[in-house]
Amino acid sequence: MGGCASTGKKSREHDFDQSVVNAHDETIKFIHGQLSMRGVQEDQPMDESFSRTHSDSDASDDLEDAMYDIGRPWAQVDSAHDTLTDSNVTVERGNVTVEREDRDFWKQLLKWEPPSVPSSVPPSVPPSVDIVSESDGDDSRETDLDELHKTIFEGHVDVSLPPKKNNICILLASTITDYSEERDLLFNDVLPYLQRYGAKFGINVEISEMRLGLEGEAIRDYRIVDTCLDEVQRCREESIGISFCLMVGDLYGYTPPPRKLTTDEYDRAISEGDDQLIELINKYYYLDENLIPPSYVTEHAREEEIITNFFGTPSVTELMAVAGILGEEARNSMAGNNALVYERNFQNITDDAFSLYCDTNDDDRKDKLDKFKRASWRAIEDDQGHYRRFEVPSPDDESMQIYLTEFANDFCYQVVSDIRRVVIARQNEDSMLSRLSTGRTKDQYHATLNEISLHHAHAQSRYNTFVGREGIVGKLVDHCFSGKGALVLTGGSGTGKTSVLSEVARKLDEAIHATTFHSDDSISSDLSGSQVSSRSSKKKPVILVRFLGISPASSTSESVAESLIHQLSLAYPHIVSEYSMDDDHVTLRPPEKLVHLLRNLSSRHERIVMILDSIDQLDKNDPGRLDLKTWLPPLVGSGTLKNVVLLISTLPNECIEPIQALPNIQIEEIQPLTLDEGSSLLDALCQKYSRELRSAQRDMILEGFKSEGKTALYLTMAVTQSIRWRSWDESVVVAPTVNEQIKTLFEQLRQDLGKELVKFMASYMTLIPGGVSVDEIRRIASVDELVTNEVFKFNKIPGNRMPPLLLARVRERLAPYLEERNIDGEQTFNWCHQQLREAAEKEFLSDPEYRKQVHTHAYQMFSKQPDRHGPGHINDRKMHQVPYHLSKIENWSEFGYFLASTSEALLTETSQAGQARYASYWKLSEEKEKMFAVVEFAPNFVEKDSTTETIFFVGDFLKEYFDLYQVALDIYKLALDPKYPSDTLFDEGTQISDQQQLDCMYRIGDTYTRMSKYAEALKWLEKSYAELHANLGPSHGSTLRALTLLSRLAKESGRHEEALEFDTTLFDVSVSKFGPTDEFVADAARQLAKSHYMGGRYKKALGYYEQNFTIIRQLFGFRHPNTADAMNSLGVSNTVLGNYAQGIRFCEQAYDVKESLYGINHSDTAVTINNLASLYHLNGIHDRAMQLYNQAWDIKKKTLGRAHPDTIKMYGQVGRLYHDQGDYEKALTRLLENLRLREKILPHDHPQIAVAKNSLAALYVDMSEYEKAKVLAQESLDLRIRLLGEEHPYTAFSHDTLARALLALGNINEAKDHALVSYRIRQRMLGLRHPRMAMAYMTLARVKSAQDDGEHAELNACKAKAVCVDSLPKDHPLLDECEKLLKQMLIKHGDLRKKITDKHYWRSSRSFLVTEEE
């Protein structure tokens, strides 16, 4: 029997379950006995075989003593079959019959969870894992880290954290033929287990074997050798643990001639070599002067042995080892600490197997191999890595099976150990972040830190190669130090806007570092390219930099606003804490919160610079993309904040048009590069790639640069293409435009790498937001038949895996056009420029079916990921990507299932921006399908044991975005504590102090209010408000929020006196808390004005509306949407007071502002147009009113839909206008439809139902359909009395209409009673000179005439005319109606001619008005 032996010193103990280890004791003894029988050496010198040593290890240390006797506890020998078994698995030459995760021992390992209390971390944790040990008692590291984070939060763009890594990328380096069994075992048995193990904790495990699937001449391709070496570097940079595995046996392997010779090496070969060598050197090597330094290069050197022997070139395997552990760079970074080296020596080998496992008997190659092994051993020993030597009797007997299993188990153990060390390190990192993030959640703190770092790193990648443009950079820097205002930088694609703003950020950072900030108002700093002096500043500015669209948090205006709020809260922790954003602004959307926060910081003289690049890259469905006013109101326009500066860039497309209409905003168009600047940029780019072009090549690029419009992108594309040029190339060409350059690039890639592979890579990079990671692209590629059929050109790959070499070659070829980002914890690569993305979309994704297929594959891949990466770590990548791709393929049913199954994990999206993002996906679907999907799956969103946060999240989501009030209500009630039974919940003696219960009650009350179930809503809200007032005080944000909702409820239910009481309290508390000029006070004044208005106290309403307007105009300036809204309110309130001319003036100004800000077709503009139409209607200018009504109608139908209440309202408005114009047929059609639709969507007792019925009743009176008029007028009156009260001016309208109907039916006394009630209400609420008093006088005149009381009939008709003459334009229709009525009265009751000419009669009528008013 044969056996194998391996040795190693015990250095770490690990925490695997000791009971599992004990179960293998007999196995251990049995294997040791078998090895002894086979004569295997059990003990090797300790200095020749060892494992990675970690003196401070803890959680990983338990495993070493129990299991780590050279991996043998995992194996036993089956004497009957003479094969090695692992508990219940049979292995024959590396082929496993049972999955590793199904074997008892490894199944137990999958149950491991990190300790609940963070442990100290071994010193070997890779530097990329940023941790602090709690047990070392040293706080200096945490203090340093706190300072570093503070620097990032303050916006120092030259500082960023390294991206978070989630990958263990292991490069396998070995000779090919002799290690095929080991590789197959790793890929088929070990890798699937490691990937599942790592996925528990959000760690991707990847094994890369660069020559996998290649054979023959393909292995000798120089490009492949270079790519292999690049992949070694990539694995070391991206891996958080083991990154290199060397497997070395008795085969030295293929030794290529050098790809490149320095001039010294070339001269030595020419001077020292024989004639044959010189001939070969001159035949295959050419001087490339484009390289820096100039070198001799070859593409296909043949007769390699002569050249190789002279230069002593190492084998490909040793070259990879040099890059991985032996070279200077690797040694300096202690790469060997994260390396595995396996040495396998055969003691006996047959002649038949010799060529497969051994080199020839060449002593020189044997000597090289021995030196290579010894060097690897020493490197691993120095770096405390893992070196394992196996002495195997023979490759032809059972000992090979034992060796293969021990090798696979040892490899698996090492990676599992690494995963555990990283998990524990992250747990310590979480603990540290929890301490640093006092006052906010750890996840929010970390997410904000990573988001800022991402944008800082993006800026660094741009300004590192920036040259020239001192003029525009200096101007922008000066603007930033000016103290306030907005400046927009615009220019075509590829003109360098992003690079300019990155350089501006760098210059600002440089200035801040070089400046001493004093308490006075004068500082000075001398910047390169911009002389800055006498800059007004008392405090050091904070710089907020965002490159929009490069991450989920920078893709919508709401998410950007939320991200900026988080950064400001961390840059100014004490101010923001004092300002209590969460309490006082809880009901605001993120843009509104940003406004309040910036205003507060500005008032404290804090200086803030915001740099927002590429607003055109915001989501195309985001209104903020075209409308800065929706999310940056204090920064643009005449209301700009002092001490807050804004820099924006955008393409000169549809985004620039609304900006140009903004007042007091500077617009700078970026000018093309000068020829000198282009030449300098060309040199800088060449230097970046260590290239130097020949004069002819350089001139050709510059000539194209001049003709293309002198853009930076053209030069970048040209230089990246010139990387492949040689100095002797005379036939090279460069495309004349950027678009043609990109087309050429795609065509070259297809030729070099294959049509389907290039299409595949480009498509997924383009359609997956934020780019795609190596692991993701590999997973998707392995199931794409077109790709796999094309790339499997040599051998079938184990597990149908994509050859890592091909993916690496694609990345290598695309590297100049890509940038790496850390998105949701994944290291992704993406197009570096939007023009490349657009070109790829046009080139590869024009087919809608293929586009849908890409989204489908992406969804399927992301949906298979776990929701969480261990306890407390949400898989943000999955949460963002799955709903996005489902929305793109419009699979709303699956979308519903996703929301239902991941509701707990979605708690990371309880941010308002996150909720808005999810809702936006749904809103892409058709209304019916969307509502069906939500209603179908909503009950599954929560479970009985769901947390209160989950219940609130789901309920808010359904209520706010889909108006599913009953479903939301049922969900909210799940959060009610059963210790508060419903029959006693509202008793005075029931006290509730639990904040979550009060929040729940508030949400239930709010939902009932939206359902117009006012009585139910009142119970919940009054109880919620009373308890909040008692527990938190009257000025707490939650208390004010409940009070605001109570006021809204009172208004909507017609309880205006209660609304007035609530709003008065709200106003007084707001003035006391925020001061008289705060925006909250302005809003409280507006609500109080509305209460007075709805109560008919129009003069008081006007006073509060004027106060609201004064504050808003002071805060925002004149040309601002909030100011326009305030002017609208002033216009309406002046109109109801009879000041028609003043009312129209305010509404016309509001319309001008809205149109200039939003354009004519915006929904906000439509509201102002509608108000203006109503005023023209009241003033009798019917043609203009009809024109504006129709304009507003068209906009509302497009933006809100026909079924929206605001759209339905217009049926009534236009119907009344047709009525006043005398077109009763059209009026009847509109008013009937108005009533039908309102009764369909509103509760039966809603105030708007009363309006609709009264309007229709008034029309029926004029159409002589008096019975119909009487019924509708009575219903309207009853409803208004119940909702608004007896004394409301709106109630007077219904009295008037009913009086006219009753009068026509001959019920004179009843008509008189209603007419008198209408008169008294209007007299008391409006005053005698209000235009609406004319209507009351006219009704009384008709009643008196019917009673044959001619004197009073004439007198009331005269009063009606007098009111109209005093308050209405001369051509107003009501004045004409009064004239007609007066003539009727005079004809019927007196001498018309005499009274018309009797001036005394008219004077007495007007003086009576004065007397009566007094």
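Residues numbered from 1 in each chain as written. Predicted model: local features only at pLDDT ≥ 70, side-chain atom pairs only at ≥ 80, totals over all residues. Heavy atoms only, no water.

**Examining helix α9 (residues 275–284)**
For clarity, the threshold we go by: The buried label applies to any residue whose accessible area, calculated with a 1.4 Å probe on protein chains only, is under 20% of its type's maximum; exposed applies above 50%, and partly exposed to all values in between. In DSSP terms, a helix is any run of H or I states spanning at least four residues, a strand is any run of E spanning at least two, and both are numbered starting from the N terminus. This arc is taken over the directions from the axis of the helix to the C-beta atoms. Contact criterion: two residues are considered in contact whenever any of their non-hydrogen atoms come within 4.5 Å of each other.
For α9, the set of buried residues is Leu277, Leu280, Ile281 and Tyr284. In a view along the axis of α9, the buried residues occupy a sector of 100°, so they form one face of it. In α9, the exposed positions that point more than 90 degrees away from the buried face belong to Asp275 and Glu279. Looking at the buried side of α9, the elements it contacts are β9 (260–262), α8 (263–272), β10 (286–288), β11 (295–297) and α10 (304–311).

**Notes on the packing of aromatic side chains**
To keep things clear, this is the line we draw: Any two of the Phe, Tyr and Trp rings considered here, Trp counted by its six-membered ring, make a pair once their centres fall within 6.5 Å; the pair's planes then place it as stacked at under 30 degrees, edge-to-face at over 60, or tilted in between.
Counting across every chain of the model gives 22 aromatic pairs. Seen in terms of ring centroids, tryptophan 112 and phenylalanine 201 are 5.7 Å apart; in terms of plane orientation they differ by 70°. Their pairing is edge-to-face. Residue tryptophan 112 is located in the loop between α4 (104–109) and α5 (140–153), and its partner phenylalanine 201 is located in the loop between α6 (180–199) and β7 (204–208); the two are separated by 89 residues in the primary sequence. For tryptophan 112, a relative accessible area of 9% translates into the label buried. In this structure phenylalanine 201 comes out as buried when scored by relative accessible area, which is 5%. Here the aromatic rings of phenylalanine 746 and phenylalanine 844 are separated by 5.0 Å at their centres, their planes lie at 65°, and the arrangement is edge-to-face. Of the two residues, phenylalanine 746 sits in helix α27 (residues 738–753) while phenylalanine 844 sits in helix α32 (residues 834–844), which places them 98 residues apart along the sequence. Comparing phenylalanine 746 with phenylalanine 844 shows no difference in burial state: the two are buried.

**Quick notes on the nonpolar core**
As a rule of thumb, nonpolar side chains are buried together in soluble globular proteins. What counts is decided by this rule: We call a set of buried Ala, Val, Leu, Ile, Met, Phe, Trp, Tyr and Cys residues a nonpolar core when their side-chain atoms join them within 4.5 Å.
The biggest cluster of nonpolar side chains holds 68 residues, and the ones touching the most others in it are Leu1172, Tyr1189, Leu1256, Tyr1319, Tyr1337 and Cys1364. Of all hydrophobic cores here, the second largest spans 65 residues; its members include Leu673, Ala762, Met765 and Phe862.

**A closer look at the confidence of the model for the protein**
Reading predicted coordinates in detail is not appropriate for stretches of low pLDDT. Here is the rule we go by: Confidence of the prediction at every residue is given by pLDDT, a number between 0 and 100.
Looking at the protein, pLDDT values average 75 and 76% of them are 70 or higher. For the protein, the element scoring lowest by mean pLDDT is strand β2 (residues 76–78), at 30; strand β17 (residues 542–547) scores highest, at 92. Here residues 213–219 is a poorly scored stretch, pLDDT under 50, and it has 17 contacts once near neighbours within four places are set aside; other chains count. Scored below 50 in pLDDT, residues 1392–1414 shows 34 contacts in the model against residues more than four places distant or in partner chains.

**Some words on the pairing of strand β14 (residues 485–490)**
The condition that has to hold: Note on pairing: DSSP must find at least two bridges between two strands before they are called paired.
Within β14, six of the six residues are buried, which leaves it mostly tucked inside the rest of the structure. Of the two faces of β14, both are covered, the one formed by Gly485, Leu487 and Leu489 as well as the one formed by Ala486, Val488 and Thr490. Where β14 lies against strand β19 (residues 644–650), six bridges are found, and the strand directions are parallel. Opposite leucine 487, over in β19, you have leucine 647 as the bridge partner. Alignment of β14 against strand β20 (residues 666–669), held across four bridges, turns out to be parallel. Its bridge partner lying in β20, leucine 487 is registered against glutamine 666.

**Things to note about the sheet that holds β10**
Put simply, the test is: Throughout, an axis means a line fitted to C-alpha atoms (over the contacting stretch in the case of helices), and angles, computed between N-to-C directions, take values from 0 to 180 degrees.
What the three strands build is an open sheet, ordered β9-β11-β10; its pairing is antiparallel. Two strands in the sheet have a free side with no partner beyond their single neighbour: β9 and β10. With strand direction ignored, the average angle separating the axes of adjacent strands in the sheet is 40°. As defined by bridge partners, β9 adjoins β11 across three bridges and the pair is classed as antiparallel. Within β11, the position partnered with leucine 261 by the bridge is tyrosine 296. Across the sheet, α8 is in contact with β9 and β11; its angle to β9 comes to roughly 85°.

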